[in-house]
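Topology and contacts: notes
As a plain string of letters, each chain reads:
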Amino acid sequence: MTSEGLAGALAAVLGGRGLLVQGCDSGPAGEAPAPVRLRKNVSYVVLAVFLNEQDEVLLIQEAKRECRGSWYLPAGRMEPGETIVEALQREVKEEAGLRCEPVTLLSVEERGPSWIRFVFLAHPTGGILKTSKEADAESLQAAWYPRTSLPTPLRAQDILHLIELAAQYRQRARHPLILPQELPCSVVCQRLVATYTSVQTVWVLVGTVGMPHLPVTACGLTPMEQRGGIKMAVLRLLQECLTLHHLAVETKGLLGLQHLGRDHTDGICLNVLVTVAFRNPGIQDEPPKVRGENFSWWKVVEEDLQSQLLQRLRESSVVPVNR
């Protein structure tokens, strides 16, 4: 991939379109990245936040024995063979009676690579709101409540932050609309847009094995990587090519999400924006030295791409990843 090809790849990732995963530049030590399977070694959860013009939020009343009668946002586990959007639409229809379309990904939450929740802002497109007469094993009913006056008891307090995140996004969109791209992947991995900035210059780390490309790191399912979360895979790749003890590394958030779900491709690829900086910057015009021959820094000279990257970095214009 030439500099022109790298520019096209970066533009695709910044635009939320994604790129097919061709392979991984880094994997867990001592194990080949294992193909992931829903309900076997990974679990994905979808959750929807609906806000109407009256600033009301859609909640469902739980039917499950352990939380029966409590209120929560429409949510549930993905099933094998589903896309992320199909899972979201199925859960909303089952629990709230409504058809819907996602507006944007709002947040990604993880407890290590084997449990990931995708939070969406969504809007209804049809259907009939579920009443207590239609109570079943999925939910007892659904109802709209003022955002500032929610019913009790709530199943969990974690939805309060997600509701506020949705309200803030509607008031001022912090990042572009981002929806899952239907691209196959066999593992849980992350494609890094790892940046180093100096004045108005931006460098991006690229993998150089084969054609130059944005590097991909596979997340492991070992207990250590589970405890450390998905950031472990980012640090692992960077440790393989940089001396990290004098550097500050931060994952800013998501630029995009890739998943297909069909044909036993249950993996996901998270396209993440990462910053690399010197802990004691001084006057550093050049990025940190790369060890070995598998990676190098690429200076972004295209003005539009450079401007986009600087803006996304300055405004943290990404989907947050929370642990």
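Everything numeric here is computed off the predicted structure, so don't read it as measured data.

**Some remarks on helix α1 (residues 3-14)**
Note that an α-helix has 3.6 residues per turn; residues three or four places apart therefore point the same way. For α1, spanning twelve residues, the distance from its first C-alpha to its last is 16 Å, which sits close to the expected 16 Å at 1.5 Å a residue. On its buried face, α1 is in contact with β8 (188-198), β9 (201-207), β11 (247-259), β12 (268-278), β13 (295-299) and α6 (303-314). G16 sits one or two residues past α1 and shows a positive phi near 80 degrees.

**Quick look at the sheet that holds strand β7 (residues 141-146)**
Taking strand neighbours across the sheet as the criterion, the three strands line up as β3-β2-β7 in an open arrangement whose pairing is antiparallel. Each having just a single partner strand, β3 (71-72) and β7 make up the two edges of the open sheet. Pairing between strand β2 (residues 56-61) and β7: six bridges, direction antiparallel. Bridging from a neighbouring strand, E56 pairs with P146 of β7.

**Some remarks on the packing of aromatic side chains**
Applying the stated criterion across every chain yields a total of five aromatic pairs. Here the aromatic rings of Y196 and F278 are separated by 5.8 Å at their centres, their planes lie at 85 degrees, and the arrangement is edge-to-face. Here F278 lies in strand β12 and Y196 lies in strand β8, a separation of 82 residues in the sequence. F278 sits in the buried class, given a relative accessible area of 14%. What links up through ring pairs into an aromatic cluster is the set Y196, W203, F278 and W297. Against the face of W115 rests R111, its NZ or CZ located 3.9 Å from the ring centre. Over the ring of Y72 we find R155; its NZ or CZ atom is 4.3 Å from the centre of that ring.

**Side note on the domain arrangement of the protein**
Domain annotation of the protein identifies domain 1 (9-37 + 179-279 + 286-309) and domain 2 (43-171). A C-alpha centroid distance of 30 Å is found between domain 1 and domain 2. For the pairing of domain 1 and domain 2, the buried interface totals around 1,600 Å² over both sides, and the portion due to carbon and sulfur atoms is 69%. Taken together, the connections running from domain 1 to domain 2 amount to one salt bridge. At the junction of domain 1 and domain 2, the tally comes to five residue pairs in polar contact (both at pLDDT 80 or more). Elements supplying a minimum of two residues to the side of domain 1 that touches domain 2: α4 (223-228) and β11.

Rules and cut-offs
Residues numbered from 1 in each chain as written. Predicted model: local features only at pLDDT ≥ 70, side-chain atom pairs only at ≥ 80, totals over all residues. Heavy atoms only, no water. Helix = DSSP H or I, 4+ residues; strand = E, 2+ residues; numbered from the N terminus. Expected span 1.5 Å × (residues − 1). Contact = heavy atoms within 4.5 Å. Pairing = 2+ DSSP bridges. Phe/Tyr/Trp six-rings, centres within 6.5 Å; stacked < 30°, edge-to-face > 60°. Buried < 20%, exposed > 50% of the residue type's maximum accessible area, 1.4 Å probe, protein only. Lys NZ or Arg CZ within 6 Å of the ring centre and 35° of its normal. Domains from an automatic or database assignment. Buried area = accessible area lost by both parts, 1.4 Å probe. Salt bridge = Lys/Arg side-chain N within 4 Å of Asp/Glu carboxyl O. Polar contact = N/O pair within 3.5 Å; in protein donor to acceptor, adjacent residues only side chain to side chain.

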